[in-house]
Amino acid sequence: MIDLKGKRALVTGGSRGIGAAIALVLAENGADVAFTYQSAADKAQGVVKSIEAAGRRAVAIQADSADPEAIARSVDEAVAALGGIDILVNSAAIGHSGMIADIDIGEYQRVMDVNVRAPVLFAKAVIPHLGEGGRIITIGSALGERVPFPGITTYAMSKAALTSFTRGLSRELGPKGITVNLIQPGATNTDSNPADGDAADFQRSLTSLGRYAEPREIGNAVAYLASPAASIITGTTLTVDGGAIA
């Protein structure tokens, strides 16, 4: 049984897609949830209403995950609104496609700032607020482990970096009773990668189950790792990809 009653979560990038599903699933299992969003204020308010409909407190915080000052501010706002933080979910990320030979250094740097630096800085800001039983869960990608086609090297390497981040941070925080884990989704039915998109059939063909994940299925994995049921699990990777890297 997943019981998150009394827990307070901060989800980055929670206004849509996987992040929104994570925020809602945590709330449905009893957690109060603050989440960040960059620009989709209308969608953020929709998530707030869904969380409140589940009977939990919800706080939407505008913050650009590429901005270190915004990251620190958003954590302060979440702590003030919820009275603390027990669970951090690093979900905010941006995609990138293109060959290394053609890469724009500015685009490359923004991918690294959002996908790699932001989880580090969010963790740094949240750690002082976490007590025993605290959780840090980061959303990576199955592409961080297997790159089955060209043109996604930058994105894949940004997600691969999260494996070492997770393992190393678990060593640092283990003595405090705080667990740190990584979830690697595969193809997931979101606005940015819809199950009826141009490349959807190819992505389905890579999986054992022959289908996309739904965002809630990623949220369910997060809720499990956030719960007391996963108290011994840390420094590890849970791949939720329908068997794409089997």
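Before any of the text, the structure's been laid out above.
Residues numbered from 1 in each chain as written. Predicted model: local features only at pLDDT ≥ 70, side-chain atom pairs only at ≥ 80, totals over all residues. Heavy atoms only, no water.

Novice: Looking at this structure, how should I read the overall build of the protein?
Specialist: When you go through the protein residue by residue, the secondary structure sums to 7 helices and 7 strands. The order of α-helices and β-strands along the protein, N terminus first, is β-α-β-α-β-α-β-α-β-α-β-α-α-β. Projected onto the principal axes, the alpha-carbon positions of the protein cover approximately 45 × 40 × 35 Å. In the protein, which comprises 246 residues, the proportion classed as buried is 47%. (Helix = DSSP H or I, 4+ residues; strand = E, 2+ residues; numbered from the N terminus. Buried < 20%, exposed > 50% of the residue type's maximum accessible area, 1.4 Å probe, protein only.)

Novice: I would appreciate a short explanation of helix 1 (residues 17–28) in the present structure.
Specialist: An α-helical turn contains 3.6 residues, so a residue and the one three or four places further along point in the same direction. Spanning 12 residues, helix 1 covers 17 Å between terminal C-alpha atoms, matching the ideal 16 Å at 1.5 Å per step. Of all 12 residues that make up helix 1, 10 are buried, and the element is covered over most of its length. Positive backbone phi, approximately 115°, marks glycine 30, located one or two places after helix 1. (Expected span 1.5 Å × (residues − 1).)

Novice: Quick question: what am I supposed to make of the packing of aromatic side chains here?
Specialist: Two descriptors summarise a pair of aromatic rings, namely the distance from one centre to the other and the angle between the planes of the rings. One pass over the structure, following the stated rule, counts 1 aromatic pair. Geometrically, the ring pair formed by phenylalanine 149 and phenylalanine 202 is edge-to-face, given 5.7 Å between the ring centres and 70° between the ring planes. One end of the pair, phenylalanine 149, is in the loop between strand 5 (135–139) and helix 5 (153–173); the other, phenylalanine 202, is in helix 6 (residues 200–205), with 53 residues separating them in the sequence. Under the relative-accessibility criterion, phenylalanine 202 is labelled partly exposed at 39%. (Phe/Tyr/Trp six-rings, centres within 6.5 Å; stacked < 30°, edge-to-face > 60°.)

Novice: Sorry if this is basic, but what is going on with the sheet that holds strand 1 (residues 8–11) here?
Specialist: In any sheet, the strands associate via hydrogen bonds between backbone groups, in a parallel or an antiparallel arrangement. Across the sheet, which stays open at both edges, the 7 strands sit in the order 3-2-1-4-5-6-7 with parallel pairing between neighbours. The outermost strands of the open sheet, each flanked by one partner alone, are strand 3 (58–62) and strand 7 (237–240). For this sheet, the mean inter-axis angle between neighbouring strands, taken without regard to orientation, is 15°. Note: strand 5 against strand 6 (residues 179–185), 5 bridges, orientation parallel. Residue pairing for strand 6: isoleucine 139 is matched across the bridge by isoleucine 183. Across the sheet, helix 3 (residues 68–82) touches strand 1, strand 2 (32–37) and strand 3, and the angle it forms with strand 3 is around 160°. On top of the sheet, helix 4 (residues 105–126) reaches strand 1, strand 2, strand 4 (87–90) and strand 5; it is set at about 170° to strand 4, its chief contact. (Pairing = 2+ DSSP bridges. Axes fitted to C-alpha atoms, helices over the stretch in contact; angles between N-to-C directions. Contact = heavy atoms within 4.5 Å.)

Novice: Looking at this structure, I do not really get the side chain of asparagine 181. What am I missing?
Specialist: Examined against the element boundaries, asparagine 181 turns out to sit in strand 6. There is a polar contact of 3.3 Å between the side chain of asparagine 181 and the backbone nitrogen of glycine 235. A polar contact is formed between the side chain of asparagine 181 and the backbone nitrogen of threonine 236, at a distance of 3.2 Å. Not counting residues up to four positions away in its chain, the partners in contact with asparagine 181 are Ile136, Ile137, Thr138, Thr166, Leu225, Ile233, Thr234, Gly235 and Thr236. (Polar contact = N/O pair within 3.5 Å; in protein donor to acceptor, adjacent residues only side chain to side chain.)

Novice: Please explain helix 3 as it appears in this structure.
Specialist: Helix length check: helix 3 (15 residues) gives 21 Å between terminal C-alpha atoms against 21 Å at 1.5 Å per residue, within 8%. What helix 3 keeps buried is the set Ala70, Ile71, Ser74, Val75, Ala78, Val79 and Leu82. Packed against the buried residues of helix 3 are strand 1, strand 2, strand 3 and helix 4. A distance of 3.0 Å separates the backbone nitrogen of glutamate 69 from a side-chain oxygen at the start of helix 3, and that oxygen is part of aspartate 67.

Novice: Which parts of the structure should I look at to understand the pattern of salt bridges?
Specialist: Side chains carrying opposite charge are able to pair once their charged atoms draw close together. Tallied over the entire structure, the rule returns 11 salt bridges. Among the ionic pairs, arginine 110 bridges to aspartate 64, the shortest N-O distance being 3.3 Å. With arginine 110 in helix 4 and aspartate 64 in the loop between strand 3 and helix 3, the pair connects residues that are 46 residues apart, well separated along the chain. Relative accessible area serves as the criterion here: at 30%, arginine 110 is assigned to the partly exposed category. You can call aspartate 64 partly exposed: its relative accessible area is 22%. For aspartate 201, the salt bridge identified is with arginine 204, shortest N-O distance 2.7 Å. On the criterion of helical spacing, the pair formed by aspartate 201 and arginine 204 is a turn pair, its members being 3 residues apart in helix 6. Overall, aspartate 201 belongs to the exposed group, its relative accessible area being 58%. What you see here is one network of salt bridges that share partners, running through Asp32, Arg56 and Arg57. (Salt bridge = Lys/Arg side-chain N within 4 Å of Asp/Glu carboxyl O.)

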